[in-house]
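The lines below spell out each chain.
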Amino acid sequence: CVTVSLDDTELSRLTKIRNKARQSIAISEHMVRKSRSGTMTIDSVELISQEVKVIFFEDALVGGPKTLVPQVEQEEGERNPTKSKGFFPEKISKSNGRMAASKIAATASEAPSLKSGAQFSAKCSIYSAKVIVSAKSSLKKGVETATRKKPPNDFPFEMVFFSKDEHDKQTQEEVSNSGFGSVFCGPQGLCPRLEAEHSARIFIGQSTAQTTGMACHMSGRFIPTVERGSIDLANGHVSEWNEELLHIGGFLARMAYDYEMNKVRDAWPTWQKTDAEPLAMYVMKSFVFHPSTPDSKVSGIIKDAFFACSTSDEFPFISDQGIQHTKDIRLSHEPLAAFMRSPVLPKVHPILTSMTLPEHLGVGPYTLKDVVKELDSRWLSELEMAACLRWWSKISGNLGEQQKKWQNELLKVGKTHSRGKEIKLSSITQFIDGQMLRVLLPDDPLPNDTIPPALIQNLSSSSIPEAFGWQEMPVIHWLRYIKDCPPDQAHDITQTPSFAQHVLSVLNALWHTSLDDNGRSEVREILQDIACIPTISTVPCMMRAQEAYLPEADVFRDLPVVRQELLLDLRTDQVLLYLGVQKRCDIETFITKAMSGDRWNAMDLARYLIASPQEHVTRVMEMKLFPCDGERHHISKLFASTEINKALRLPVINCDYWDSNTQEALLLIRNGLRESPSIEELIPIASSHIDRAIRHAAFTSLCGPQYETQLEKHFDPLKFSSHPFIPGVRNGRACQIPHGEVFSDSTWEVLGFGRLTDQFNKKNIAKLKIRDRPTAEKLFQVLQSTPPKDPETAKRWFRFLAEKGVVTAGEFERIADLKIVPVEVSSEEPQSGKTPYEVVSPRECFLKSESYPGDHFYQQLFKFVDFGRNANAFLKACGVKERPECTDVLRVLLRCPKTFLKLAGDDHERYLTELRLIAVGHKSLPRKIHEEMRTAPIFLGYRRGKSNMGRDGYTHEADEFELCKAEEVLVADDMESRRTFGDSIFIAPQEELLEKFYSEMQVKSLSSCIKYTVDPDKEMLNTPNALALRKSIIEKIPIFLHEFDEPRFIKGMRVLRWHDENQFSVQACRTLDVTKRLDFAHATTGPQGQKAHPTELSAETQIRNGVNVLWIKEPKADSYDIAAALCRLLFSTYKKNDVLSLMTILDTDIEVLKRRGYDVERILSEYRENLEKAENGENLPNRMPPGTVQAPPPGAPQGNEPPSAKPAAFNKFTKLLHWRRKDPKLGEVKLSEIENSIEKVEKVMREEGGKDDKHISNREQVGGGKKQKNVGYCDEKKVTETDLEECEGQHVGQVKVWKRKGTVLGVPSKEREAFGKIISELAQVFGVKQTRCHVFFHGEDSNLMGFNRNDQIFFGLEHYIQNHKDAPAGKAYIDWYYIMAHEMAHVHTPYHDEHHELLVQALATKNLPKLHGQADVREFFNCAS
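This one's a predicted model, so the numbers in the text were calculated from it and none came from an experiment. (Residues numbered from 1 in each chain as written. Predicted model: local features only at pLDDT ≥ 70, side-chain atom pairs only at ≥ 80, totals over all residues. Heavy atoms only, no water.)

Focus: the overall build of the protein
Here is step 1: A tally of helices and strands in the protein yields 51 helices and 43 strands.
Here is step 2: In the protein, which comprises 1425 residues, the share counted as buried stands at 46%.
Here is step 3: Partitioning the contacts of the protein with sequence separation of at least 6, the portion at a separation of at least 24 is 68%.
Here is step 4: With an accessible surface of roughly 73400 Å², the protein has 49% of that area assigned to carbon and sulfur atoms. (Helix = DSSP H or I, 4+ residues; strand = E, 2+ residues; numbered from the N terminus. Buried < 20%, exposed > 50% of the residue type's maximum accessible area, 1.4 Å probe, protein only. Contact = heavy atoms within 4.5 Å. Areas by Shrake-Rupley, 256 points an atom, 1.4 Å probe, with all protein chains shown as cover.)

Rendered as structure tokens:
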């Protein structure tokens, strides 16, 4: 025990415990105990167990770092203890020392903290040999001289060996993160590593730097060098002494190796291979000799002694069968591994190459003696013997003269079992090969001198005679063996039919290839006297060949007939006939047998007759010979025995199967047999027979190929209209349906029609001339006579019709008036039981919408339905609208306005909402409806009611409302008059939309019903104010008048000559009395009534002596009163904005007006031109604001309809806005530059288009020239960018096809293809890229021809369908040619004006020759080709 203390504090302790119990190891006799020179002798060897423990106490770390420093790689001085200058080496004094210190610091920083002491242990085995010294005197003297000591007479020599478990334990501790690692590992550690890393050392009482080259330390009386770092192998007697000691070390290593390997060998059977093999490999690695250092001769001497110390050739080594001696182990050889059981080396492993064995101990290859020994030692299995024979056949040709010798040796000792039979190769003389091998079965008996095929199945037949001396077995030899020596009953040719059949099949296979005439005769001789033909009659039996018949002879099933299995090969007949089997019997016997029974087969009879003379055939066919249903019939009364004829219960000929293409069937047909019934016989069976199976069979036969030609040429469904012969399903029940009530498209069943069963295919449908759907007339009859009775049924019907898409536009119009839509009957009282429904036409319905919830009063006015998306799409096509439109609301309103108001909850605001809807859409209504509107009390009017005191203490007036006719209500354009006469009149709601609507319905304005009386007093002549005002009016009134069109003016006021004093003057007065009176026939009696009322005005107009006089009150007239008076003079009705606009213009200096954007010079110039035209009697232009103008839509009111004039201020603002936004040069086309404009258009259209934008963005069109047109047929705003979705897979060439989103009805394919072709070819005419052309389907607007959006041209398919679908193709080409030119012109100018028209004409003219080159166009004009 060794302790380390500091100031009486124990820091660490090392304890070595050696077990006192020692195990003696016997030294075998073959071991040479003496050293090489005989100087030393091994007396005995013992095995000692030893354990070393190391304890580190916690106090050992008090003065140092809190974490222990792991071991680091030592420098050269650390590896060799002799080069260390002291116990504490100065590592920091040199550069390499600094590096080592930094390395220690680095590893110390990574080591974990150790908070308590640690204990380590290591166990090892000590092999100790007692060595007796008997040295020569010269050696003793030389050693004594060198060491100054006499050599010992005896001494112990020890070697340290670590077990695998202990080695693994120390290795694991070394790599663990405990902070210490393993205290027993490292360059000078107790536990060495394998593979020469940290190799074991030689000890001389202390460790030397000399390694042993293996994994075991050695300790003995070695004599070191002067430095004591190694042993001396260079100096005379010292060298001899040390070499002798190393020989002892080699001996002791061999003893340890044999002992450890024997332990593994003994334990191998009880261990798993995965446990035993690593242990053996560890022991072997421990005794692998690597070069030793510093003197490499050390490991060489030990290694030589290791192998030379034994005179035996038994060296334990690892093999695939455990630990074996190397003399018994063989190198692995794949061909021999299949049958040799000798131990072999494992698969390639590093240890097998690193542990080099002497030649006498090496592992050798297999020899032929080994193989003979193996074959002689045991019976090989079938697979092993087959492998052995394969091996021999491959190598035998390479043995030369030795081949015959070793062949005899192998065949003499080789033996195996095959199919339960002992096979000795010494008795084999024949083998089976060629065709016979292919036809024999594996279990067929073989003669004892024949090798079983399984043993030679992979050998070449040509190599067998040379390799083994065997010959091929003839079939005669095998046949005699199975006849004379059957091994058992199963293989007896006379008792087992199946085996006899097999033997005959073997003969049949070899008859023409392996047997000559002599061989065939020998076969017949062998078999002629034995019952070897398996037959079947009433009882299966074995017959001799002369007593058996072929099947064609056994027409009547009473002869011993050769089994059918034998006749699968047609060549077997020849073999059987050669052996003596019979084929026919005489005709009299044949007829007698036919008449005596009815179980025979007509096909067998026909087959027999085919080979008979014709007179025999005629005699048989003229007889009532053929049995059917208990009677015998002539052949002409019977039908072929087909499955269909049997199913139809027709009298059929007696046979088991029928094939009309066979010679037998053709013989029967030629002699009168009927193949099938006629159509006239078959259809009644299919329609009227009670048995369902028979009906099915009849109909199946009718659809068969045999009736195809007859049905095509002669079948008339009208002849069989009363026969329900078509199987189908109606109302969920299978039944027979007449021809005209069932269709090929089974989905029509939803409407109550019959549908075909699943057995129908397209060919059968065509054969029977069955339509795919009902005619339009039939569909109308069903919808009219049996409309859907409830919403669920209607939903199925309408969705079906929508998905089918078979209804044309004209048919939709007819359906729109049919009562086919079930709607719930509205009732004020709650209903019990089933909900009652009434059926109405689609025109009376609307689609449900979230805009009209259940409590909306529209729910009581209209009939709302919702049958799902697809069904709703169908109804929309039939006339059902998405929401009530102006016409619908107006129709209900005109029917009873008071009821309408009542249903609106007597809520005037709700009623006004509907009036606004009518106001927006009324212009598109027919004139007749406008007249009806004017005479109906539908106009809501307000009248000032009584005053009431409110909660706030103020008086409030509550308006009364009432429904009035147009003549009973006024538009309040004069607020002063409204306050005066408000309790006596009903006025229109005061919002611009409704006031405009009322005016358009010829509702008078309030101002037009006010009559003014002007009474000026104290007139003042030529006052400065009057003169200045007249001058200002003359100068500025044209600017104001420029904003208005002709209909706004009172007759003659548009061309009033303001500078002429005979037409207009301004007068001043001191007093101005003005009274006004209401002149309205429908005024109600109120406080004011029709009385005249004075009003405070400082200006008013009066016509005096034909002159329009503007009176102003001095000293200063109000500007507003002046403007209002002038407006009353000019307009039949005016707005407050008009007054304010005029007041602003009169009060503003002319220069300021110019700065504000008024083109004063141009306006005054136009004004003077208009005056001149009026003096010359010319019509004045109807001046309109420069905004976007469109012609009124078709059906808009004309003539006496009130004008639609916007307020002057709004017009002024619109003009200024458009002037700001519109580029005057945009879209301008000059005649002199027309070619340049065309070139610009063509350049754009020749570029690739539509690559990136799936939805082309929209563009606003503002502004425009003077020549505006109705652009409803070319309006891109009708189809917004989100309206369209691309139809994938439906493009026509490069022309994309689009449809409106949500369109359930698909794009018509036929029309799409035709229209796309026209657009593609016209694109070539104009030289336009097809990717810039698109086709869109917008099914609700057939007037929309197309539009240009961002230089992409869209063409309307619906317009083509309505106008060109049935027209000549040439006409379609011409019309769409001009439409394409129209849209191309929009590339340069977005407006429909004179510039656009000029460009269209130029584009069309330029490309007319190319258009004329189109074949369809030339055909249309009857041009010569």
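This is not the end of the story, as more comes after the structure.
Structural notes on the sheet that holds strand E21 (residues 726–730)
Here is step 1: The sheet built from four strands is open, its strands ordered E22-E21-E24-E23 with mixed pairing. Edge positions in the sheet fall to strand E22 (733–737) and strand E23 (742–743), since each has one partner strand and no second.
Here is step 2: Pairing of E21 with strand E24 (residues 754–756) involves two bridges; the strand directions are antiparallel. Note on E24: the bridge partner recorded for Val729 is Arg755. (Pairing = 2+ DSSP bridges.)

A look at unusual backbone geometry
Here is step 1: Pro294 follows Thr293 through a cis peptide bond whose omega is -5°.
Here is step 2: Position of Pro294 relative to the elements: it lies in the loop between helix H6 (273–286) and helix H7 (297–308).
Here is step 3: One non-glycine residue, Asn1022, lies in positive phi territory at about 50°.
Here is step 4: If you trace the backbone, Asn1022 turns up in the loop between strand E34 (1010–1020) and helix H39 (1024–1041).

Topic: the pattern of salt bridges
Here is step 1: Applying the stated criterion across every chain yields a total of 50 salt bridges.
Here is step 2: Between Glu664 and Arg607 there is a salt bridge whose closest N-O contact spans 2.9 Å. Of this pair, Glu664 sits in helix H23 (residues 663–670) while Arg607 is found in helix H20 (residues 602–610), placing the two residues 57 residues apart along the sequence.
Here is step 3: The partner of Glu1166 in a salt bridge is Arg1162, and the shortest N-O contact between them spans 2.9 Å. Linking Glu1166 with Arg1162, this pair stays in helix H43 (residues 1160–1175), spanning four residues, or about one helical turn.
Here is step 4: The partly exposed category is assigned to Glu1166, whose relative accessible area is 25%.
Here is step 5: In this structure, a network of salt bridges that share partners links the residues Arg341, Glu374, Arg378 and Glu384. (Salt bridge = Lys/Arg side-chain N within 4 Å of Asp/Glu carboxyl O.)

Let's talk about the packing of H39 against helix H41 (residues 1136–1147)
Between two packed helices, the angle of one axis relative to the other and the distance separating the axes together describe the packing.
Here is step 1: Remark: H39 packs on H41, axes separated minimally by 9 Å, with the N-to-C direction vectors making an angle of 130°. Here H39 lies oblique to H41, going by the angle between them. H41 is crossed by H39, and the crossing has right-handed handedness. Facing H39, whose interface residues are Ser1032, Ile1033, Lys1036, Ile1037, Ile1039 and Phe1040, H41 presents Asp1138, Ser1141, Leu1142, Ile1145 and Leu1146.
Here is step 2: Along the lines of polarity and charge, the residues of the contact of H39 with H41 split into seven nonpolar, two polar and two charged. (Axes fitted to C-alpha atoms, helices over the stretch in contact; angles between N-to-C directions. Parallel < 35°, antiparallel > 145°, perpendicular 65-115°, else oblique. Left-handed = near helix turned anticlockwise from the far one by under 90°. Nonpolar A, V, L, I, M, F, W, Y, C, P; charged D, E, K, R; others polar.)

Considerations on helix H3 (residues 137–147)
Here is step 1: Every buried residue of H3 is accounted for by Leu139, Gly142 and Val143. An end-on view of H3 places all buried positions within 95° of arc, on one side of the element. Exposed and facing more than 90 degrees away from the buried side of H3 are Ser137, Lys141 and Thr145.
Here is step 2: The elements touched by buried residues of H3 are helix H5 (236–267). (Arc of directions from axis to C-beta.)

What about helix H30 (residues 809–816)?
Here is step 1: Within the sequence span of H30, burial applies to Glu811, Phe812, Ile815 and Ala816. Looking down the long axis of H30, one finds its buried residues gathered within 145° of arc, a one-sided arrangement.
Here is step 2: Turning to H30, the residues buried within the fold contact helix H28 (776–785) and helix H32 (869–878).

Let's talk about the packing of H5 against H7
Here is step 1: Two numbers describe how H5 lies on H7: the axes approach to 7 Å, and their chain directions differ by 50°. As far as their axial angle goes, H7 and H5 are oblique. Judged by the sense of rotation from one axis to the other, the crossing of H5 with H7 is right-handed. Residues Glu243, Leu246, His247, Gly249, Gly250, Phe251, Ala253, Arg254 and Tyr257 of H5 touch H7, and the partners they reach there are Val298, Ile301, Ile302, Ala305, Phe306 and Phe307.
Here is step 2: Across the contact of H5 with H7, the residue classes tally to 10 nonpolar, three polar and two charged.

Some points on the confidence of the model for the protein
Here is step 1: Of the residues in the protein, 87% reach a pLDDT of 70 or more, and the chain-wide mean stands at 81.
Here is step 2: With pLDDT under 50 throughout, residues 64–115 is counted as low confidence; its partners more than four residues away or in other chains account for 68 contacts.
Here is step 3: Overall, residues 1251–1270 carries pLDDT values under 50, and its contacts beyond four positions in sequence, including any with other chains, amount to 55 contacts. (pLDDT = per-residue confidence, 0-100.)

What about the nonpolar core?
Here is step 1: Core analysis: the largest hydrophobic core is formed by 81 residues, its most contacted members being Met159, Tyr257, Phe287 and Phe317.
Here is step 2: At the level of secondary structure, the elements contributing two or more residues to this core comprise strand E4 (40–56), strand E5 (118–133), H3, strand E6 (154–161), H5, H6, H7 and strand E10 (316–319).
Here is step 3: Among the elements that take part in this core, H5 stands out by supplying 14 residues, more than any other.
Here is step 4: Counting 51 residues, the second-largest nonpolar core is a separate cluster that includes Phe846, Tyr858, Tyr942 and Val971. (Core = buried A, V, L, I, M, F, W, Y, C linked by side-chain atoms within 4.5 Å.)

Section: the sheet that holds strand E16 (residues 533–536)
Strand pairs in the sheet, formed through backbone hydrogen bonds, run parallel or antiparallel to each other.
Here is step 1: Strand order in the open sheet formed by three strands is E17-E16-E18, and the pairing between neighbours is antiparallel. Of all the strands in the sheet, just strand E17 (541–543) and strand E18 (561–562) have a single pairing partner and so form its edges.
Here is step 2: Where E16 meets E17, three bridges bridge the pair, whose relative direction is antiparallel. In the strand pairing of E17, Pro534 is matched with Met542.
Here is step 3: Against the sheet, helix H16 (residues 497–510) makes contact with E16 and E17, and its axis sits at roughly 120° relative to E16, the strand it touches most.

What to know about empty space enclosed by the protein
Here is step 1: The final tally for this structure, using the stated rule, is eight cavities of 30 Å³ or more.
Here is step 2: Space inside the second largest cavity adds up to approximately 60 Å³.
Here is step 3: Considering the residues around the second largest cavity, the lining is formed by Leu375, Met385, Cys388, Leu389, Trp392, Gln407, Leu410, Leu411, Leu425 and Phe468.
Here is step 4: When residues of the lining of the second largest cavity are traced back to their parent elements, those giving at least two are helix H11 (382–395) and helix H12 (402–413).
Here is step 5: Among the elements that line the lining of the second largest cavity, the one with the most residues is H11, at four residues.
Here is step 6: Its residues assigned to classes, the lining of the second largest cavity comprises nine nonpolar, one polar and no charged. (1 Å grid on protein atoms, 1.4 Å probe; cavity = no way out; pocket = protein on both sides within 12 Å on 5 of 7 lines; lining within 4 Å. Points joined across faces, edges and corners; volume = space filled by probe spheres on them.)

A few points about the environment of Thr41
Here is step 1: When you line up the elements, Thr41 lands in strand E4.
Here is step 2: We classify Thr41 as buried; its relative accessible area is 17%.
Here is step 3: Those residues within four positions of Thr41 in sequence are excluded, and the remaining contacts are Arg33, Lys34, Lys130, Val131 and Ile132.
Here is step 4: Within the structure, the side chain of Thr41 is placed 3.3 Å from the side chain of Lys34, a separation counted as a polar contact. (Polar contact = N/O pair within 3.5 Å; in protein donor to acceptor, adjacent residues only side chain to side chain.)

Let's talk about a negative patch on the surface
Here is step 1: A contiguous patch of negative charge, built from Asp1015, Asp1017, Asp1073 and Glu1096, is present on the exposed surface.
Here is step 2: With respect to the element layout, Glu1096 can be found in the loop between strand E36 (1092–1095) and strand E37 (1099–1104).
Here is step 3: Given a relative accessible area of 75%, Glu1096 falls into the exposed group. (Patch = residues over 30% accessible without salt bridge, like charges linked within 9 Å, V, L, I, M, F, W, Y side chains within 5 Å. Lys, Arg positive; Asp, Glu negative; His and termini not counted. Charge placed at Lys NZ, Arg CZ, Asp CG, Glu CD.)

A few points about the packing of aromatic side chains
Here is step 1: Applying the stated criterion across every chain yields a total of 50 aromatic pairs.
Here is step 2: Relative to Phe306, the ring of Phe287 lies with its centre 6.2 Å away and its plane at 20°, an arrangement referred to as stacked. A residue pair is termed long-range when its members are at least 10 positions apart, and Phe287 in the loop between H6 and H7 and Phe306 in helix H7 qualify at 19 residues.
Here is step 3: With a relative accessible area of 1%, Phe287 lands in the buried category.
Here is step 4: According to the relative accessible area criterion, Phe306 is buried, its value standing at 0%.
Here is step 5: With 4.8 Å between their ring centres and 20° between their planes, Phe1326 and Tyr1377 make a pair best called stacked. In this pair, Phe1326 sits in helix H46 (residues 1309–1326) while Tyr1377 sits in helix H48 (residues 1369–1385), placing the two residues 51 residues apart along the sequence. Both residues of the pair, Phe1326 and Tyr1377, count as buried.
Here is step 6: Geometry around Tyr578 places Arg524 over its ring, the cationic atom sitting 4.2 Å from the centre.
Here is step 7: Taking the ring centre of Tyr1012 as reference, the NZ or CZ of Arg1128 above it sits at 4.7 Å. (Phe/Tyr/Trp six-rings, centres within 6.5 Å; stacked < 30°, edge-to-face > 60°. Lys NZ or Arg CZ within 6 Å of the ring centre and 35° of its normal.)

With respect to the side chain of Thr572
Here is step 1: Assignment of secondary structure puts Thr572 in helix H18 (residues 572–579).
Here is step 2: Those residues in contact with Thr572 that lie beyond four places of it in its chain are Asn508 and Leu566.

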